[in-house]
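Observations on chain architecture
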Amino acid sequence: MSVRVAEPLRRRIENCYTIPMRILLVTNSARGEAIADALVRSPQKPELIVCSTVKSPGFAKLATELHVMDIMSLAKIVDIGKAAKCDFAFVAPDDPIGAGLADRLEAAGIPCVAPKRNLARIESSKSFARELMHKYGIDHNPRFRAFSLSSRDQRHSIELDIRAYLEHELHSQYVVKYDALKGGKGVKVSGEHLMTIDSGAKYAMECLEECGTVVIEEKLIGIEFSLMSFVSGTSVIDMPAVQDHKRADTGDMGPNTGGMGTYSDVSHGLPFLEPSDMQTASEINKKVAAAIEQECGESYKGILYGGFIATSDGVKVIEYNARFGDPEVLNVLPLLESDFVAICQAIITGNLTSEHVKFLPKATVCKYIVPKSYPVDKKEVGQKVMIPQEFPENSRIYFGDVHFDDTGNVLLGGSRSIGIVGIGDSIVEAEQVAQTVCEKIAGPVRFRSDIGTVDSIQKRVDLMHKLRAR
Ligand code: GLY
């Protein structure tokens, strides 16, 4: 039986099948380019509407529309998403997530892969994260206390309390955390940023004055790693574990940065971890997602980033983030074999299962090219960086804080410039790929040659052996 369909209706039905899917991507760094790259690899062939603080060269190729803008202009982002009739949004950075961009987009009918503001407190409030874990019996917190200032009169007594806690309970081995987002600069550690009880108490009081609450914790000794998971409510599917290198200089020296580079292993574990450590970290992510759902009365939909530390006393939680890590995402998304758009759709509809997520059994090493004076100064802003035209097939290059000028020159911003990723059948092989590409980039820039090298990894394995023997 054939059905005659009126011409205008027939055209409309046909259009339904030809109108491409549109995804709104909000980003501020190389992380966004790695996400964009994974989205456009989808067989669903989506169009990307990108809102970005940087006019990164990568988006010239990947985006259908690029809006270079302040990504804290939440109302403007919602308008752009509505005008482009986006099917869903992916919000990459912490600030717009913490400010409630997902709430606004969803209210405008655009579902979001990023948690709503209340749920994103797992990152935006350090006291929320610690107290949630404590309340739900997730026994992987360090010793901690949250101090709050409800009236100015309490100032003196709270300061005495803080001093006593730092000195007598934590024995001067402490971490002071600003209880809100602070561009990665809210956490200060004894022996690194704070050398005395006085300076610890002073910083804690500054945090109290500025945001009303401060978290003080025991300083943990061990080796840090990240385990990120795709989360839709209580369905939690892990990505390969990654190790970041926060210090600016070779040998883990110098000031802290956003992350100078990372590596991941073929097994999707890490050389200094036991399988039981990976299992513990994975279970903690699952328990935290379930606890958030119970506490907030709605499902977490997005990326959950567990920042862990392997210690002599097992795996502990350093912090949680409500987004992909940068550079961690540069390691994991190039290995994603499955359809990233389908993963995002399953996160949104609540149908996410392990069937949706498959990663290649490969190792990766990422090294960030940064301006020479990063992170202490911004002397190289506007200077030219020269990039080769050709790259090996087993490498990836993601642009961060760089700008293309009208004549095609690549100019440095003040922050991390270009993430170079090598992919291989071992960390050694991946490291050599990344190192070779980094060496070909010319200009007033530098990178950490030691990330992912045999020596650097062996040091971590040896330290972990020592800790486990205690
Ligand atoms: N690599 C650390 C972070 O993204 O917070």
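We now turn to the structure provided with this report. Residue positions within a chain follow its written sequence, with the count starting from 1. A pLDDT threshold of at least 70 governs which residues receive local features in this predicted model, and a stricter bar of 80 or more applies before side-chain atom pairs are shown or counted, although totals over entire chains, interfaces and linings include all residues. Only hydrogens and water are removed before side-chain values are computed, so all heavy atoms of the structure are retained for them.

Our next topic: the site of the ligand. The cutoff for a nearby residue is simple: one of its non-hydrogen atoms must lie within 4 Å of the molecule or strand. Within the structure, the ligand sits among Asp244, Gly258, Tyr305, Asn321, Arg323, Gly325, Asp326, Pro327 and Glu328. At a separation of 2.8 Å, a nitrogen atom of the ligand approaches a polar side-chain atom of Asp244. Ten residues, namely Ala, Val, Leu, Ile, Met, Phe, Trp, Tyr, Cys and Pro, are considered nonpolar, four, namely Asp, Glu, Lys and Arg, are considered charged, and the remaining ones, Gly among them, are considered polar. Its residues placed into classes, the shell around the ligand shows two nonpolar, three polar and four charged. We call two N or O atoms a polar contact when they sit within 3.5 Å, provided that within protein one can donate a hydrogen and the other can accept it, with sequence-adjacent residues counted only if both atoms are side-chain atoms.

A separate point is the packing of helix α2 (residues 30-40) against helix α13 (residues 340-349). Where α2 contacts α13, the axes come no closer than 7 Å and their chain directions differ by 100°. It follows that α2 is roughly perpendicular to α13 by the angle criterion. Seen from α2, the contacting residues are Ile35, Ala38 and Leu39; seen from α13, they are Phe340, Val341 and Cys344. Here the contact of α2 with α13 is composed, by residue class, of six nonpolar, no polar and no charged. A fitted line through C-alpha atoms serves as each axis, taken over the contacting stretch for helices, and the angle formed by two N-to-C directions is quoted from 0 to 180°. In DSSP terms, a helix is any run of H or I states spanning at least four residues, a strand is any run of E spanning at least two, and both are numbered starting from the N terminus. Angle categories: roughly parallel below 35 degrees, roughly antiparallel above 145, roughly perpendicular from 65 to 115, and oblique for all the rest. The contact criterion used is simple: two residues touch if any of their non-hydrogen atoms lie within 4.5 Å.

Right, let's get into unusual backbone geometry. Residues Asp326 and Pro327 are joined by a peptide bond in cis, for which omega reads 20°. Mapped onto the fold, Pro327 is located in the loop between β17 (314-321) and α12 (328-332). Of note, the bond from Tyr374 into Pro375 is cis; its omega dihedral lies within 30 degrees of zero at 5°. Within the secondary structure, Pro375 sits in the loop between β18 (363-371) and β19 (384-385). Of note, Ser172 is a non-glycine position whose phi angle comes to about 70°, a positive value. Along the chain, Ser172 falls in the loop between α9 (155-169) and β7 (174-178). Residue class for Ser172 comes out partly exposed when judged on its relative accessible area of 32%. Look at His268: it is not a glycine, yet its phi comes out positive at around 75°. Exposure categories follow from relative accessible area, calculated using a 1.4 Å probe and restricted to protein chains: below 20% of the type maximum is buried, above 50% is exposed, and the middle band is partly exposed.

Further remarks concern the environment of Leu66. Here Leu66 lies in strand β3 (residues 65-68). For Leu66, a relative accessible area of 31% puts it in the partly exposed group. The contacts of Leu66, once residues within four sequence positions are left out, are Val50, Ser52, Lys55 and Phe59.

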